[in-house]
Amino acid sequence: YLTCGSHDKDKSTSICTPPIAESYLPLRLPTAISLEELVEYCNVVHLSEAQLNVVEQLHLQYLKAERDVRKTHLPELWELSVSAAKWGAPWRAGPEAIDDHERFYRARERIARLIQAIESQLFNDIQAILVNEQIERWARAEMMRERVVAGRTFFSAFPAATVDLSIIVRAMLDEGVIQSLGESFEKTLFEYESRITPMWSALARDTMRSAQRSASMIAAGNYGDVRRARLTVLGYQRSMTDLNLHYIDRLMEAVDMQSATELRRRFNEIAFWGVYPDPFDVSQLIHWAIESIAEDDDPHGSIEALENIDYAFRSEQERLNAKMVAVQLREDRRVQRTNHRARHPDEEYRSELRELQHKRAENALKSLNALKTVFDSELPPQVQNGIDQFKERVCTDRNARELGHAYRPAPATSMLQVRGESSCR
């Protein structure tokens with residue numbers, strides 16, 4: 001992994017976080033910080049009511065200074081952007097086009113530095129009103145802002161790399177609850193933030209450099225340099241993926257089982273959006289069936305039978321989901337290692353995902369058919385309606401995005417009928 005550098009062992013705080021204005025320059029001008037966003041950063045240090053009032057005043061001063069910079073310099077940037085845009089792809093138009101693009105880049109960098117200096121002053125002014133432990137925790141607020149700004153700089157095809165565990169944790173738990181979890185959890189979270197933040201900044205910086213220099217490199221025929229720059233960016237994302245996978249397990253170990261399950265669910269739905277949320281999860285239908293049976297009127301043991309069906313369904317589905325995640329990670333690493341574009345996955349990857357997707361659908365339909373055998377009479381209306389809607393979607397919907405992974409091609413007919421399955425009947 002890339003490391004954050006040295007640490008103050010006595011205070012267990014990172015001393016490697018660079019000032020925001022010096023960390024990197026974005027591909028586009030930074031977005032102004034809203035008051036709501038600023039308060040979210042400040043929540044990390046638990047400001048008093050009086051301190052929050054001061055922050056509001058500092059924010060007003062910041063907005064005025066930031067708007068003045070934009071008002072003064074954006075007309076110039078607009079003229080340069082028009083001049084650069086008229087050429088289209090600069091490496092095809094020649095040296096004059098490249099010069100126009102470079103003038104635009106230099107102007108944007110200069111304006112970005114002015115805006116980031118104002119932002120840095122805002123954070124310094126807020127730090128000046130902090131006391132005691134607030135000062136030690138302020139580095140976390142600065143790192144949070146650094147990751148937010150970096151995340152707006154580029155688009156990543158690898159969400160497992162750019163998911164922010166700190167944001168997931170704070171969306172689940174407020175700062176008071178995080179502190180109540182004990183020193184071990186907070187230390188692990190801070191350790192994660194200290195290691196992942198420099199990676200965000202490096203990824204944003206090198207993405208910017210690659211984009212700005214690609215025109216001149218291509219024009220000069222230096223395709224090897226273009227590829228090396230791309231592989232550097234992909235290397236950061238591979239390291240960030242590994243770091244996120246490592247720390248999601250460590251954070252789950254530090255909380256109770258219910259919180260750990262929710263933490264994993266939120267992480268999976270962001271990091272592996274092609275697998276989660278599972279479009280074939282029928283556990284809610286099984287739970288509705290269980291709730292329809294009164295515990296004191298269950299002579300045939302229907303509740304136990306339904307609970308066994310639910311357990312069997314969940315166990316198999318979790319196994320299949322884990323295999324899909326492993327396949328996705330393997331493909332991501334292949335792309336990151338070879339620079340082959342993710343939009344063109346190899347056939348083995350397509351085939352494996354398609355097969356696992358079929359198995360997820362089959363497991364769901366098998367569980368629903370088993371559910372129906374438990375009831376002597378008609379199913380409860382809510383359960384029957386849910387089953388009908390589920391089968392209609394799974395057995396007739398040809399939309400590949402509705403049925404599964406974005407890279408999986410649309411089936412020739414329905415998901416199961418293409419293989420001659422009878423589960424839909």
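What counts, and at which threshold
- Residues numbered from 1 in each chain as written.
- Predicted model: local features only at pLDDT ≥ 70, side-chain atom pairs only at ≥ 80, totals over all residues.
- Heavy atoms only, no water.
- Helix = DSSP H or I, 4+ residues; strand = E, 2+ residues; numbered from the N terminus.
- Buried < 20%, exposed > 50% of the residue type's maximum accessible area, 1.4 Å probe, protein only.
- Contact = heavy atoms within 4.5 Å.
- Areas by Shrake-Rupley, 256 points an atom, 1.4 Å probe, with all protein chains shown as cover.
- Phe/Tyr/Trp six-rings, centres within 6.5 Å; stacked < 30°, edge-to-face > 60°.
- Salt bridge = Lys/Arg side-chain N within 4 Å of Asp/Glu carboxyl O.

(A) Expanded view of the overall build of the protein chain. Looking only at helices and strands, the protein chain has 17 helices and two strands in total. Burial analysis of the protein chain (425 residues in total) assigns 47% to the buried set. Within the protein chain, residue pairs in contact and separated by at least 24 positions form 76% of the contacts whose partners lie at least 6 positions apart. Surface exposure of the protein chain reaches about 21700 Å², of which carbon and sulfur atoms provide 50%.

(B) Structural view of the packing of aromatic side chains. With the rule as written, the count across this model stands at five aromatic pairs. Centre to centre, the rings of F104 and Y105 are 6.0 Å apart; their planes meet at 50 degrees, and the pair counts as tilted. A relative accessible area of 17% places Y105 in the buried class. Pairwise contacts between aromatic rings join Y41, F123 and W138 into one cluster.

(C) Structural view of the pattern of salt bridges. Counted by the stated rule, this structure contains 21 salt bridges. The closest approach of N and O atoms between D68 and K64, which form a salt bridge, is 3.2 Å. Note that D68 and K64 are positioned in helix 3 (residues 49-85) at a spacing of four residues, about one turn of the helix. D68 sits in the partly exposed class, given a relative accessible area of 36%. Classification of K64 as exposed rests on a relative accessible area of 54%. Among the ionic contacts, a cluster of salt bridges with common partners joins R137, R140, R170, E186 and E193.

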